[in-house]
Amino acid sequence: MATFGTLSDRLTETFRNLRTKGKLTAADVDGTVREIRRALLDADVALAVVKDFTAKVRERALGDEVNKALNPAQQVVQIVNEELIQILGGEQRRLQFAKTAPTVIMLAGLQGSGKTTFAGKLAKQLEGEGHTPLLVAADLQRPNAVNQLQVVAEQAGATIYAPEPGNGVGDPVKVSRDGVEHARRQQHDVVIIDTAGRLGVDAELMKQAADIRKAVDPDEVLFVIDAMIGQDAVNTAKAFQEGVDFTGVVLSKLDGDARGGAALSVASVTGRPIIFASTGERLEDLEPFHPDRMASRILDLGDILTLIEQAQQAFDEEEAAKMAEKLATEQFTLEDFLDQLQQMKKMGSMKKMLGMLPGMGQMKQQLEDFDEREIDRTEAIIRSMTPGERRNPKVLNGSRRLRIAKGSGMTVTDVNQLVQRFDQAAKMMKTVARGGTPNIPGMGPVPGMGRPGASSKRGKKGKGKASGSRSGNPAKRAAENAGIAPASTPTGSGFGLGGGAKTPTEADLAEIQKLFGKG
């Protein structure tokens, strides 16, 4: 996540130095805690939070749980992860809905913090969950705030209540009260009230927000805070807590490039949970906040659960079943490949998805160099083909490829590379669908899963001859004769899995086939 990028880099580097040590001394722990303190302070985390955090980490790191651990460095990482989860709120907190509709959600925060955009994002998310939200335009001070909410509501497909034009005209307390009554009459089960903000905290802002809260008695008051505003985030949060009080926090603009550490302090300082995180400009870029997942992202441990959830939302189960059947029957075509690209685009930014994988912080430059438009270029090439060409790429001769290249604005080389990559991918998927072992380009066969029939071919070739090794290296020859892979042969996979991989059982192969729709 961009906002916590610098903090993540600093912490990852600190832990990398620890892994070279078999046993940690008090000096090692003190040095590590010192680096963590510097990283947190540089990231704008509040001083009181840093002191409390590092004290707990040091106490636990010097305790028996690290001294008795088989891998002390990993144990320290685990301790930091657990303490980071605590300052982020501990456990996930969901929206609390009223027992009797409508549920009233009031938004508060400074001007420019992203309240209006968040209102639209929340409405869209609630719509997807089967609710019928109503947006109430109670920000009547900021120029064109009402118009902006109307545009956002239209994009989100939500209903809006905006009786006043705004721009300084109208009573926001009356609009809020009337909006709740309107929702009750029209049977909307959720009301989202977008209130006014100011450039800074002042008495007028607090009085208006307090009056609105008193008038509508909201079930949730969400404080929207810009994750990029630095240490002032904590002061602003305290002021709103004292003047209005709120039940939860929303972190906006987490896709920015600011240090953002002050946002980590809000939950700890106010004692209020972070409920949502806004991670982009699109209305879909809103995530429920999970303290454990955010801590994992900051420590470059990945966030596989969020990635899976996003995939489940984007991919249609019925379509996935059809695709699995096509793979099993070897009918996968470029048309199907195009459908898969469309599904991937629904999930959002590829960079963001790749960034959720463990260890991707160490490949930051490769992620930065990744061109999101490559998917659009691939789509353009496939769309420039006729239906017959998509179903059977073997008919693509030189003249057809030239026509496709001109139609898509690409080169013949680009078309050739796409067809070649598709052929390789199709072969690999067919192999797996049959229960075989995929030969991944650049990696060779998957370790521990030898090719079927390889031993019988060796037997035929060596018929009438000694079946032992002919290696000139005695140690290597002895190992080969014993049926053991020589030490010089790499047995680990490209994903860091070491040797010792065993030949898969029938149950293993059945499980693989089940994943591809054949089980």
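Asker: I keep staring at the packing of aromatic side chains and nothing clicks. Help me out?
Answerer: Given two aromatic rings, one states the distance between the centres and the angle between the planes to describe the pair. Throughout the structure, instances matching the rule amount to three aromatic pairs. With a centroid separation of 5.8 Å and an interplanar angle of 55°, the aromatic rings of Phe118 and Phe276 are classed as tilted. A residue pair is termed long-range when its members are at least 10 positions apart, and Phe118 in helix 6 (residues 115-128) and Phe276 in strand 7 (residues 274-278) qualify at 158 residues. A residue is classified by how much of its surface remains accessible, and Phe276, at 5% relative accessible area, is buried. A centroid spacing of 5.0 Å and a plane angle of 35° characterise the contact between Phe223 and Phe240, whose relative ring orientation is tilted. Separated by 17 residues along the polypeptide, Phe223 in strand 5 (residues 220-226) and Phe240 in helix 10 (residues 232-243) bring together distant segments of the chain. In textbook terms, an aromatic cluster arises when at least three aromatic residues are bridged by ring pairs, as seen for Phe223, Phe240 and Phe246.

Asker: Would you mind showing me how to read the nonpolar core here?
Answerer: Soluble globular proteins tend to bury their nonpolar side chains together. Counting residues in each nonpolar core, the largest one holds 92 residues, and the members touching the most others are Phe15, Phe118, Ile192 and Phe240. The leading source of residues in this core is helix 5 (residues 72-87), at eight residues. For Ile192, the residues in contact, after removing those within four places along its chain, are Ile105, Leu107, Ala119, Leu122, Ala123, Leu126, Pro133, Leu134, Leu135 and Val136. One finds Phe332, Ile375, Ile382 and Val419 within the second-largest nonpolar core, a separate group that totals 15 residues.

Asker: Where do I start with the pairing of strand 7 in this structure?
Answerer: Consecutive residues of a regular strand have side chains that alternate between opposite faces of the sheet. Counting buried residues along strand 7, five of its five residues qualify, which places the element largely inside the surrounding structure. Strand direction decides the pairing type here: strand 6 (residues 248-252) and strand 7, joined by three bridges, are parallel. Paired with Leu251 across the bridge in strand 7 is Ala277.

Asker: What's the story with the side chain of Glu83 in this structure? I'm lost.
Answerer: With respect to the helices, strands and loops of the structure, Glu83 is situated in helix 5. Each residue touching Glu83, except ones within four places of it in the same chain, is listed here: Phe53, Lys56, Val57 and Arg60.

Asker: Whenever I open this one, the packing of helix 9 (residues 203-216) against helix 10 confuses me. Can you help?
Answerer: Packed helices, taken two at a time, are described by the angle between their axes plus the distance between the axes. Between helix 9 and helix 10, the shortest axis-to-axis distance is 10 Å and the interhelical angle comes to 50°. Judged by the inter-axis angle, helix 9 sits oblique to helix 10. For helix 9 against helix 10, the interelement crossing comes out right-handed. Every residue of helix 10 that contacts helix 9 at Leu205, Met206 and Ala210 is listed here: Ala239, Phe240 and Gly243. Grouping the constituent residues of the contact of helix 9 with helix 10 by class yields five nonpolar, one polar and no charged.

Asker: Sorry if this is basic, but what is going on with helix 10 here?
Answerer: Because an α-helix packs 3.6 residues into every turn, residues spaced three or four apart end up facing the same way. Between its first and last C-alpha atoms helix 10 spans 16 Å; for 12 residues at 1.5 Å apiece the expected length is 16 Å, and the two agree. Residues of helix 10 that are buried: Ala233, Val234, Thr236, Ala237 and Phe240. For helix 10, the angular spread of the buried residues around the axis is 165°, confining them to a single face. Downstream of helix 10 by a residue or two, Asp245 has a phi angle that is positive, lying close to 70°.

Asker: How should I be thinking about the environment of Gln111 in this particular structure?
Answerer: Within the secondary structure, Gln111 sits in the loop between strand 1 (103-108) and helix 6. You can call Gln111 partly exposed: its relative accessible area is 34%. Here the alpha-carbon distance between Gln111 and Val201, two residues 90 residues apart in the chain, equals 9.8 Å. Here Gln111 is in contact with Arg142, Gly197, Arg198 and Leu199, once residues within four sequence places are set aside.

Asker: Before we go on, may I ask you to explain the environment of Gly166 in this structure?
Answerer: As for its position among the elements, Gly166 is in the loop between strand 3 (159-161) and helix 8 (172-186). By relative accessible area, Gly166 is classed as buried at 3%. Sequence spacing of Gly166 and Asn144 is 22 residues, and the spatial spacing of their C-alpha atoms is 7.1 Å.

Asker: Even after reading the chapter, I still don't get the sheet that holds strand 1, so can you show me in this structure?
Answerer: Adjacent strands of a sheet form backbone hydrogen bonds with each other and so pair up, either parallel or antiparallel. Strand order in the open sheet formed by eight strands is 3-2-4-1-5-6-7-8, and the pairing between neighbours is mixed. Only two strands of the sheet have a single neighbouring strand rather than two, namely strand 3 and strand 8 (286-288). In this sheet, neighbouring strand axes are inclined to one another by 25° on average, regardless of whether the strands run parallel or antiparallel. Two strands pair when backbone bridges link them, and strand 2 (residues 133-137) and strand 4 (residues 190-194) are joined in this way by five bridges, in the parallel orientation. The residue of strand 4 that forms the bridge with Leu135 is Ile192.

Asker: Quick question: what am I supposed to make of the pattern of salt bridges here?
Answerer: When the charged atoms of two side chains lie near each other, side chains of opposite charge can form a pair. Counting across every chain of the model gives 16 salt bridges. The shortest N-O distance in the salt bridge between Asp245 and Arg272 comes to 3.2 Å. Placement of Asp245 in the loop between helix 10 and strand 6 and of Arg272 in the loop between helix 11 (261-270) and strand 7 is noted, with a sequence separation of 27 residues between them. By relative accessible area, Arg272 is classed as partly exposed at 25%. Through salt bridges that share partners, Arg60, Glu82 and Glu83 make up one connected network.

Asker: Explanation requested: unusual backbone geometry in the structure shown.
Answerer: Negative phi values dominate among residues other than glycine, just as trans dominates among peptide bonds. In this model, Ala101 is joined to Pro102 through a cis peptide bond whose omega is 0°. Topologically, Pro102 is positioned in the loop between helix 5 and strand 1. Although it is not a glycine, Asn144 adopts a positive phi angle of roughly 60°. The backbone of Asp217 sits at a positive phi, close to 50°, despite the residue not being glycine. Given a relative accessible area of 62%, Asp217 falls into the exposed group.

Definitions and cut-offs
- Residues numbered from 1 in each chain as written.
- Predicted model: local features only at pLDDT ≥ 70, side-chain atom pairs only at ≥ 80, totals over all residues.
- Heavy atoms only, no water.
- Phe/Tyr/Trp six-rings, centres within 6.5 Å; stacked < 30°, edge-to-face > 60°.
- Helix = DSSP H or I, 4+ residues; strand = E, 2+ residues; numbered from the N terminus.
- Buried < 20%, exposed > 50% of the residue type's maximum accessible area, 1.4 Å probe, protein only.
- Core = buried A, V, L, I, M, F, W, Y, C linked by side-chain atoms within 4.5 Å.
- Contact = heavy atoms within 4.5 Å.
- Pairing = 2+ DSSP bridges.
- Axes fitted to C-alpha atoms, helices over the stretch in contact; angles between N-to-C directions.
- Parallel < 35°, antiparallel > 145°, perpendicular 65-115°, else oblique.
- Left-handed = near helix turned anticlockwise from the far one by under 90°.
- Nonpolar A, V, L, I, M, F, W, Y, C, P; charged D, E, K, R; others polar.
- Expected span 1.5 Å × (residues − 1).
- Arc of directions from axis to C-beta.
- Salt bridge = Lys/Arg side-chain N within 4 Å of Asp/Glu carboxyl O.

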